[in-house]
Amino acid sequence: MKKRFDPRKNYEETKKAIGYVSRKEATQKDYDRIGFKSGLEVHQQLLTRKKLFCNCPAGIFNKSEDYDAELIRHMRPTLSELGEYDGTALMEFKTRKEIIYRVKNETTCTYEVDDTPPFPLNREALDIAIEISLLSKLNIVGEVHITRKQYLDGSIPTGFQRTAIIGVEGEIALRHKKIRLIQLSLEEDSCREISDIGHVRIFKTDRLGMPLIETVTYPECVNPDEVMEACNCIRFLNRSTGKVRTGMGAGREDVNVSCRGGARVEIKGVAHTRWIPELTHKEAFRQWALLALRDKLLKKIADPGQWNISYEYLRHHALTFTCNAINDAKKNGNQLLAVNLPHFKGILSHFTQEEKIFADELSDRLKVIACLEKPNMTHSEELSPMVCEDDLKKVATILNAGEDDAQIIVWGPEQDMKTALETIEERCRMAFEGVPNETRKSFEDGTTIFERVLPGADRMYPDTDSAPIPLEDEHIKALGRNLPEEVAERYRTMQQWGIPEDTFIYILRKNLFPLIRRIVTELEINPKFAGTFLGHTLKFVEGHYTPSATFNEKIIYALFAFLKKKGLDIAIAKKMLPLLYEYPKMEFESVLTTLKFKHVPEKEIVSRIGTLKEIYEKTGRKNQPESAVNWIMGELRPIAVGNMSLKRLREEVEKQVGVAKS
Amino acid sequence: MSDDFFQGYKGDALETLKKYNVRVWGQADIHTTRGAFSGTILPRSENDDDQHIVMKIPTGYNVGIDIKTITDMVETGYKKAHYKIPEKEFPYTEHLPSVKLFGTGGTIASRLDYRTGAVIPAFSPGELYGAVPELADICNLTTEKVFAVFSENMGPKQYVSLAKAIGREIENGVDGIVIGHGTDTLHHTGAALTFMVQNPPVPIVLVGSQRSSDRPSSDAALNLMHATYAAGHSDIAEVMVCMFGPTSDEYGLLHKGTRVRKMHSSYRSTFRTIGDTPVAMVSRKGITHIKKEYNHRRKDRNVTIKPYFSDKVTMIYYYPAMKPDIIDSLVDAGYKGIIIVGTGLGHVNKELYPAIERAHQKGVHMFMTLQTIWGYVHMFVYDTGRDMMAKGIIPAGNMLPEVAFIKLGWVLGQTDDPEEVKQMMLTPVNDEITEREPYNGYLVYQGGVPGVEEFVKNVRK
């Protein structure tokens, strides 16, 4: 008897064969082995009052159900300036999506919905983009040209994004190396997607048109941690200007990854920087797996040109599937199509990502290109089978399949089946080539799914509605005079100040450095205390309390100024912060009252040490001086905080108790 | 042909390119005081300054380089771009109607021009098919470029040659005619063709686009599909304008050539029928009639072409305190017909009366239309109106100002006899004056009003 093919076993074996290791186990050696290479496109919204090409307010958002009007558009591919149709454009055209925009009058005018040509570019945004370009050591262009970059997914109603290069060829400094930058562009942000089901995709237009910059690096990161470091570096640089937006969605990253022999794959819209290492790790290995899969295929199939799929429509009554998804499809009047893939046995269940196999690549594309909602297919090598072996055998017989073949059953509306078939065949043929260029959507667990064919440079053409904007040397020089110091410089300063390094990420992310510097230079407060206060205390409070009104850093400066003026010890700031954070409008005096703070002169506190020492000795506890000091400190701390430095108090107690200074 | 190498460059920028021997479409490395740049040199728009060189960098973006910052420049390669829509021969399908598409220029047939950086009318209608293959499911299309001018440059000469071309095609047995046209003066042409091509046996559909066909969100493709459908399949044998109904990609409206007007500078749904309802709605699925009365399609070929036009016609838009010398100077310049666009029910100030009298005595034909766009001229309501009629101004009913202008030009191209002119002007060829304005002939809703907001939200207009 022939041994049954075990997809799970095949998955495990192929995973092992390519030498997959989890990120925890992976070393630089592993990344060198597969030729890990990665670069970034970091998007950052700018803090401007208005949008980039119209006078709508920027930064006002509405809920998906809260809108004033809806309109419908379809996108068609056009030729680019250099005369080619773009690959993505053709794919999006194939999907024939109906795009619906939900418009809120407050944030959207006729410009966003492409019924009015653009107004002149927002100069406030341009200046911020130039400042950040200068900080990124980019070569600033002589003239800004607004370019149209095609997006046929509907995320922009015009079908293109107006975007302009501000600088090219720059660099950022990581701890141990430099990463070169390709360019920085100023562009309009896109719509936010509400849903994408079947042939209907719904967007809202509140974010559309907000000024955004995109910093693009060369693919020079050689391991996942380096990618994250580079990303942080760019984000902190952007934030160091204090002129960019923060909060959900204000900064987003696309990550380009490849392995040796692989292809550039762009992981789109990574929502959190901390996802980057896992995503890039898995993507590099997915490509490595696809290359192994290709070699396996080429061994089995000498001439891929001769390789062809065959298919049969399954009449619904002929087979009695026990699978819910198929039964639902039947109920909805969908077509059932069986496809035979010659010599693909062991390929469909080939490892690609953790708990994902090659067949998922097909299913993902069917969703996006043929608009078939998942589950849209099953096949002969499912890790958790959807249909019984008997049915699969019947299907194989209908298809007249060979022993080494694999079978797919796909279902969907009749009008989409042609595209579905083309999609399956196209992706399978790509398997003979290796890794397809594509953009992928990211998930928190580090896995990705197909999103679009990767667009090329062919989708750019000049914006005939906008005149070029010359950038004079004078203007650039003027902007260059007011730049913040480099992030690396801030890093060094904080080190010199003795601020603990574990606070740096938080401080730079929140751009709190300028605040620390002001507190240190203007109020002459100990930098280590100020840094720790923001990097530890504020971070903790932020995570544990909810403010009743907007809390901003100005309050912290004012707090220290208040303490200084009152001659209070700064240590009490740590006690005051939670209250202040919760009630940002509360006066400092009221905070002190609420904390039951009493003003006691230092002299009086010190004078109590003698009495306390006697009491301690009478209780006859451990007769060690350290214990006495700790006990007395414990007694005095509540009244001392704010009234005097605890360090000074301890010194005083030690002196009176008689502890030898070590 | 040295000019060809430096397309659009002039002055200092041209000298710089020549100095370093770098051509347009050449790949170049440029060293500047702001750092290095490399990419392909692009043609420069003629109206831009001579201080910058445009290049496309490898990522596909365009940037300008300030020539003052250039320290060195080297051409490292050369590749000229070809901008071409895949041109396919239009497939013939049995049983589909034959439709003729006339190209006149304008946005429906346009592409980018490097000289001006603007959109120019240059796609051949054949290329248009390459971009809109769906047309093959609608009709058997043949195309002819009659001329290529911007919409604003259309005039009597073009109306006449179009009318003649239409006459020829009808005789040749075509089932419908589509005219691709810029949108700015689409309604002028619509009126002109209504008067010049009388009693047509097939639909004559004018179409344009508000977003050029070089952009993915263009309305050109859908408009073209709607227009060819209306021309090939509809029963309405009239001169019509076919453009978007709502701004959404949903359906087009068929407007009578004499009652349509462009009402927004950039909206897709800019064309509206004024003082009446459109003739019909059109989508790829079919025609939905709105008006019950229309001229039906016929098998005969009995069309009357009246290709006449006098350019001695003008139009004045009245404003408060207008001086009589405006009218005097027009009369002195030899104008034979004046369309006055008056205020309210059709008024001008008393100060103009002597000039109006003088014009009338000199045999100038004057007709009154309205700035309000909607409604009828009513010169009997006030004394001033009766005064003016006595001085020779003839009220033109609810004829739209632009239509009245075109009609007067057409009439004066045929006769100068005052009675005949008056009679022809006031006898409608196809509803340029209607006897009644239906209640829903004037619908201009006010945004912000709750009921209207509700409508806008739910009906996707």
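Residues numbered from 1 in each chain as written. Chains lettered and ligands numbered in written order. Predicted model: local features only at pLDDT ≥ 70, side-chain atom pairs only at ≥ 80, totals over all residues. Heavy atoms only, no water.

Thoughts on the overall build of chain A
Right, so step 1: Looking only at helices and strands, one finds 21 helices and 23 strands in chain A.
Right, so step 2: By its C-alpha atoms, chain A is 100 × 70 × 45 Å across when sized along the principal axes.
Right, so step 3: Buried residues in chain A amount to 57% of all 662 residues.
Right, so step 4: At a minimum sequence separation of 6, the contacts of chain A that also span at least 24 residues come to 75%.
Right, so step 5: Of the accessible surface of chain A, which amounts to about 28,600 Å², a share of 50% is contributed by carbon and sulfur atoms.
Right, so step 6: Across chain A, the 99 positively charged side chains and the 99 negatively charged ones have centroids separated by 5 Å. (Helix = DSSP H or I, 4+ residues; strand = E, 2+ residues; numbered from the N terminus. Buried < 20%, exposed > 50% of the residue type's maximum accessible area, 1.4 Å probe, protein only. Contact = heavy atoms within 4.5 Å. Areas by Shrake-Rupley, 256 points an atom, 1.4 Å probe, with all protein chains shown as cover. Lys, Arg positive; Asp, Glu negative; His and termini not counted. Charge placed at Lys NZ, Arg CZ, Asp CG, Glu CD.)

Remarks on the interface of chain B and chain A
Right, so step 1: At the junction of the two partners, chain B supplies 60 residues and chain A supplies 65 residues.
Right, so step 2: In this assembly, chain B packs against chain A so that about 4,800 Å² is buried in total across both faces, 50% of it on carbon and sulfur atoms.
Right, so step 3: Considering only the surface of chain B that becomes buried against chain A, B:Arg34, B:Tyr61 and B:Pro216 emerge as the three largest contributors, covering 18% of it.
Right, so step 4: Inspection of the region where chain B meets chain A yields eight salt bridges.
Right, so step 5: At the boundary of chain B with chain A, the tally comes to 30 residue pairs in polar contact (both at pLDDT 80 or more).
Right, so step 6: Of all the secondary-structure elements, those providing two or more residues to the side of chain B that touches chain A are strand 2 (35–41), strand 3 (52–56), strand 4 (62–66), helix 2 (125–131), helix 5 (220–233) and helix 11 (450–459) of chain B.
Right, so step 7: Tallied by class, residues from the side of chain B that touches chain A come to 26 nonpolar, 16 polar and 18 charged.
Right, so step 8: Taken together, the two bridges between strand 5 (residues 143–144) of chain A and strand 4 of chain B define a ladder with antiparallel strand orientation. Its bridge partner being in strand 4 of chain B, A:Val144 is matched across the sheet by B:Val63. (Buried area = accessible area lost by both parts, 1.4 Å probe. Salt bridge = Lys/Arg side-chain N within 4 Å of Asp/Glu carboxyl O. Polar contact = N/O pair within 3.5 Å; in protein donor to acceptor, adjacent residues only side chain to side chain. Nonpolar A, V, L, I, M, F, W, Y, C, P; charged D, E, K, R; others polar. Pairing = 2+ DSSP bridges.)

Brief notes about the sheet that holds strand 5 of chain A
Right, so step 1: Across the sheet, seven strands lie side by side as 23(A)-5(A)-4(B)-3(B)-2(B)-1(B)-5(B); this open sheet has antiparallel pairing. The open sheet has two edge strands, strand 23 (469–470) of chain A together with strand 5 (70–78) of chain B, and neither has a second partner.
Right, so step 2: The strands that helix 1 (residues 11–20) of chain B touches are strand 2, strand 3 and strand 5 of chain B; relative to strand 5 of chain B, the one it contacts most, it runs at about 65 degrees. (Axes fitted to C-alpha atoms, helices over the stretch in contact; angles between N-to-C directions.)

Considerations on the pattern of salt bridges
Right, so step 1: Going through the model one piece at a time under the given rule, you end up with 85 salt bridges over all chains.
Right, so step 2: A:Asp115 is the salt-bridge partner of A:Arg73, the closest N and O atoms lying 3.6 Å from each other. Of this pair, A:Arg73 sits in strand 2 (residues 69–73) while A:Asp115 is found in the loop between strand 3 (98–103) and helix 4 (123–135), placing the two residues 42 residues apart along the sequence.
Right, so step 3: The class for A:Arg73 is buried, based on a relative accessible area of 0%.
Right, so step 4: The partner of B:Lys262 in a salt bridge is B:Asp184, with the nearest N and O atoms 2.8 Å apart. With B:Lys262 in strand 15 (residues 260–262) and B:Asp184 in the loop between strand 10 (176–180) and helix 4 (186–196), this residue pair connects regions lying 78 residues apart in the sequence.
Right, so step 5: When its relative accessible area of 15% is taken as the criterion, B:Lys262 is described as buried.
Right, so step 6: Look at the salt bridges and you will find they share partners, linking A:Arg73, A:Asp114, A:Asp115, A:Arg148, A:Arg162, A:Asp463, A:Asp465, B:Arg211, B:Arg215 and B:Arg268 into a network.

Observations concerning the sheet that holds strand 14 (residues 252–256) of chain B
All names here are of chain B.
Right, so step 1: The sheet built from eight strands is open, its strands ordered 9-6-10-12-13-14-17-18 with mixed pairing. The strands lining the two open edges of the sheet, one partner per strand, are strand 9 (140–145) and strand 18 (286–289). On average, each strand axis in the sheet is tilted by 25 degrees relative to the strand beside it, whichever way the strands run.
Right, so step 2: Sheet topology note: the strand 6 (residues 98–103)/strand 10 ladder contains five bridges and is parallel. Among the inter-strand pairings, Phe102 is bridged to a residue of strand 10, identified as Ile179.

Let's talk about a negative patch on the surface
Right, so step 1: A grouping of B:Asp416, B:Asp417, B:Glu419 and B:Glu420 is seen on the molecular surface, where their side chains present a negatively charged patch.
Right, so step 2: As for its placement among the helices and strands, B:Glu420 is situated in helix 10 (residues 418–426). (Patch = residues over 30% accessible without salt bridge, like charges linked within 9 Å, V, L, I, M, F, W, Y side chains within 5 Å.)

Looking at the packing of aromatic side chains
Right, so step 1: Tallied over the full model, the rule gives 23 aromatic pairs over all chains.
Right, so step 2: The interplanar angle of 40 degrees and the centroid separation of 5.2 Å between the aromatic rings of A:Phe562 and A:Phe588 together place this pair among those described as tilted. Residue A:Phe562 is found in helix 16 (residues 553–566), and its partner A:Phe588 is found in helix 18 (residues 588–594); the two are separated by 26 residues along the sequence. Both residues of the pair, A:Phe562 and A:Phe588, count as buried.
Right, so step 3: Taking 5.6 Å as the distance between ring centres and 45 degrees as the angle between the ring planes, the aromatic pair formed by A:Tyr616 and A:Trp631 counts as tilted. Of this pair, A:Tyr616 sits in helix 19 (residues 602–619) while A:Trp631 is found in helix 20 (residues 625–640), placing the two residues 15 residues apart along the sequence. The residues A:Tyr616 and A:Trp631 share a single accessibility class, namely buried.
Right, so step 4: Ring pairs connect the aromatic residues A:Tyr11, A:Tyr20, A:Phe285 and A:Phe351, which therefore count as one cluster.
Right, so step 5: Between the NZ or CZ atom of B:Arg23 and the centre of the ring of B:Phe5, over which it lies, the distance is 5.5 Å.
Right, so step 6: When the ring centre of B:Tyr78 is taken as origin, the NZ or CZ atom of B:Arg23, which lies over that ring, is 4.0 Å away. (Phe/Tyr/Trp six-rings, centres within 6.5 Å; stacked < 30°, edge-to-face > 60°. Lys NZ or Arg CZ within 6 Å of the ring centre and 35° of its normal.)

As for the domain arrangement of chain A
Where interface size is quoted, it is often the accessible area lost as the parts come together.
Residue and element names in this part refer to chain A.
Right, so step 1: Split into domains, chain A comes out as domain 1 (7–17 + 302–431), domain 2 (35–296), domain 3 (487–597) and domain 4 (603–657).
Right, so step 2: Counting across the domain 3 and domain 4 interface gives two residue pairs in polar contact (both at pLDDT 80 or more).
Right, so step 3: When the residues that make up the side of domain 3 that touches domain 4 are grouped by side-chain class, the tally is four nonpolar, no polar and two charged. (Domains from an automatic or database assignment.)

So, the side chain of A:Glu112
Residues and elements named next belong to chain A.
Right, so step 1: Within the fold, Glu112 resides in the loop between strand 3 and helix 4.
Right, so step 2: Overall, Glu112 belongs to the buried group, its relative accessible area being 3%.
Right, so step 3: Beyond its immediate sequence surroundings of up to four residues, Glu112 is in contact with Lys51, Cys54, Cys56, Thr107, Pro157 and Leu208.

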